[in-house]
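# Coordinate inspection notes
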Amino acid sequence: MNDVVCVAKASTNGIAFQGLVSDPIPNKWDKKTITYCIARGSNDIKDDNIEKWMINLAFTSWSIDLDLKFEKVRVDQPHDFDIRWVTKAEDPYFTSDSILAYCGYPQTKYQGILRFNDDVIWTPDGSSLTSEQFTALTGRPSVKGSTYKTYNANQTARHELGHGLGAVHMENCPECIMYPYYNNTLFPTNRDLEQLTKKYGSKVYKNLTFKDNIRKIIQRQTLDWKNKWKLNLPQ
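Residues numbered from 1 in each chain as written. Predicted model: local features only at pLDDT ≥ 70, side-chain atom pairs only at ≥ 80, totals over all residues. Heavy atoms only, no water.

## Points about the overall build of the protein chain
Scanning the protein chain for helices and strands turns up five helices and 11 strands. When its C-alpha atoms are laid out on the principal axes, the protein chain stretches across 55 × 40 × 40 Å. Burial status across the protein chain gives 53% buried among its 235 residues. Counted over contacts in the protein chain with a minimum sequence separation of 6, partners at least 24 positions apart contribute 70%. Roughly 11,400 Å² of accessible area belongs to the protein chain as shown, and the carbon and sulfur atoms make up 49% of that amount. (Helix = DSSP H or I, 4+ residues; strand = E, 2+ residues; numbered from the N terminus. Buried < 20%, exposed > 50% of the residue type's maximum accessible area, 1.4 Å probe, protein only. Contact = heavy atoms within 4.5 Å. Areas by Shrake-Rupley, 256 points an atom, 1.4 Å probe, with all protein chains shown as cover.)

Here is the structure:
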């Protein structure tokens, strides 16, 4: 598997997106419309609508600038990306909790496979939980007064999807989505896009105001959903 996937690996300072390849993968999808399905969500994120929003945001963040169209389909329909949260017992690639996610590159046997390790705690924003919130979210016992680390499924999905489209790490670009470390970037930078516009071309807008409005909507929805997922947790 070492030549075809990227792994998001846990680190002490956030999420270290450790790639298993050192050279750019020249491959790309051979179509302009790419479909995806969420075959299984996370046990930690109870509201399916939040999961759908996070994955949709990941695709939309890239589609704003790329000459690609992404369509969500049902799991029983043909699809290009198969997205699942699975446990270590179900996926031998997750050898420890330090491996958070992986995604295959285009034109490899792992093309379109995006997996999250559901043995760690996923939330839309990666914020820590109190002991009461941890128990309410997971149903598991907690140690009173403790805090529990979670991982940002939103950011991880955007980064791993970049690999799924054929992008590699941007080691010297801390503001890039494809920077190897978690940085809470919402949209691909010009440097991120350079990798993929060479493969797919750039989306053309007759009115750039429309493009700017899409970005504003995503930013507003991001804040709305970040707040919404916590409403049913103890404060």
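## With respect to the pairing of strand β5 (residues 81-86)
Of all six residues in β5, five are buried, a share of seventy percent or more. Bridge count between strand β3 (residues 33-40) and β5: four bridges; the pairing is parallel. By the bridge assignment for β5, cysteine 37 is matched with aspartate 82. Across five bridges, the pairing between β5 and strand β7 (residues 113-117) is parallel. Paired with isoleucine 83 across the bridge in β7 is leucine 114. (Pairing = 2+ DSSP bridges.)

## With respect to unusual backbone geometry
Residue glutamine 107 is not a glycine yet carries a positive backbone phi of 60°. Within the secondary structure, glutamine 107 is located in the loop between β6 (99-104) and β7.

## Notes on the environment of histidine 79
Note on placement: histidine 79 falls in the loop between β4 (69-72) and β5. In this structure the C-alpha to C-alpha distance between histidine 79 and tyrosine 93, which are 14 residues apart in sequence, comes to 22 Å. If sequence neighbours within four positions are ignored, histidine 79 has contacts with Thr35, Tyr36, Cys37, Val73 and Arg74. A distance of 2.7 Å separates a polar atom in the side chain of histidine 79 from the backbone oxygen of glutamine 77. Here the side chain of histidine 79 touches aspartate 82 through a polar contact of 3.1 Å, side chain to side chain. (Polar contact = N/O pair within 3.5 Å; in protein donor to acceptor, adjacent residues only side chain to side chain.)

## Description of the nonpolar core
Nonpolar side chains in soluble globular proteins generally cluster together in the buried interior. Residues Trp62, Phe81, Trp122 and Leu165 are the most contacted members of the largest nonpolar core, which totals 55 residues. Among the elements that line this core, the one with the most residues is helix α1 (residues 48-63), at eight residues. The residues contacting phenylalanine 81, other than those within four sequence positions of it, are Trp29, Ile34, Thr35, Tyr36, Cys37, Phe59, Cys103, Gly112, Leu161, Gly164 and Leu165. One finds Val7, Val86, Tyr93 and Ile99 within the second-largest nonpolar core, a separate group that totals six residues. (Core = buried A, V, L, I, M, F, W, Y, C linked by side-chain atoms within 4.5 Å.)

## Examining the packing of α1 against helix α5 (residues 208-228)
It is at 11 Å that the axes of α1 and α5 come closest, and there the two elements cross at 155°. On the basis of their axis angle, the class for α1 and α5 is roughly antiparallel. By crossing handedness, the relation of α1 to α5 is classed as left-handed. Residues Asn49, Ile50, Trp53, Leu57 and Thr60 of α1 pack against Ile218, Gln221, Thr222 and Trp225 of α5. Grouping the constituent residues of the contact of α1 with α5 by class yields five nonpolar, four polar and no charged. (Axes fitted to C-alpha atoms, helices over the stretch in contact; angles between N-to-C directions. Parallel < 35°, antiparallel > 145°, perpendicular 65-115°, else oblique. Left-handed = near helix turned anticlockwise from the far one by under 90°. Nonpolar A, V, L, I, M, F, W, Y, C, P; charged D, E, K, R; others polar.)

## A closer look at the state of the cysteines
According to the stated counting rule, one finds one disulfide in the structure shown. Here cysteine 173 is linked by a disulfide to cysteine 176, with a sulfur-sulfur distance of 2.0 Å. On the S-S bond that ties cysteine 173 to cysteine 176, the torsion sits near 70°, and the link is right-handed. Left without a disulfide partner, cysteine 37 is nearest to the cysteine sulfur of cysteine 103, which lies 13 Å away. Owing to a relative accessible area of 0%, cysteine 37 belongs among the buried residues under this scheme. Owing to a relative accessible area of 0%, cysteine 103 belongs among the buried residues under this scheme. (Disulfide = S-S within 2.5 Å.)

## Some remarks on the pattern of salt bridges
Scanning the model with the defined rule gives 12 salt bridges in all. The salt bridge partner of lysine 31 is aspartate 80, with a shortest N-O separation of 2.9 Å. You can see lysine 31 sitting in the loop between β2 (14-19) and β3 and its partner aspartate 80 sitting in the loop between β4 and β5, a full 49 residues away along the chain. The exposure class assigned to lysine 31 is partly exposed, which follows from its relative accessible area of 32%. Judged by its relative accessible area of 17%, aspartate 80 is buried. Across the salt bridge formed by lysine 69 and glutamate 71, the nearest N and O atoms sit 3.3 Å from each other. The network of salt bridges with shared partners includes Asp65, Lys211 and Arg215. (Salt bridge = Lys/Arg side-chain N within 4 Å of Asp/Glu carboxyl O.)

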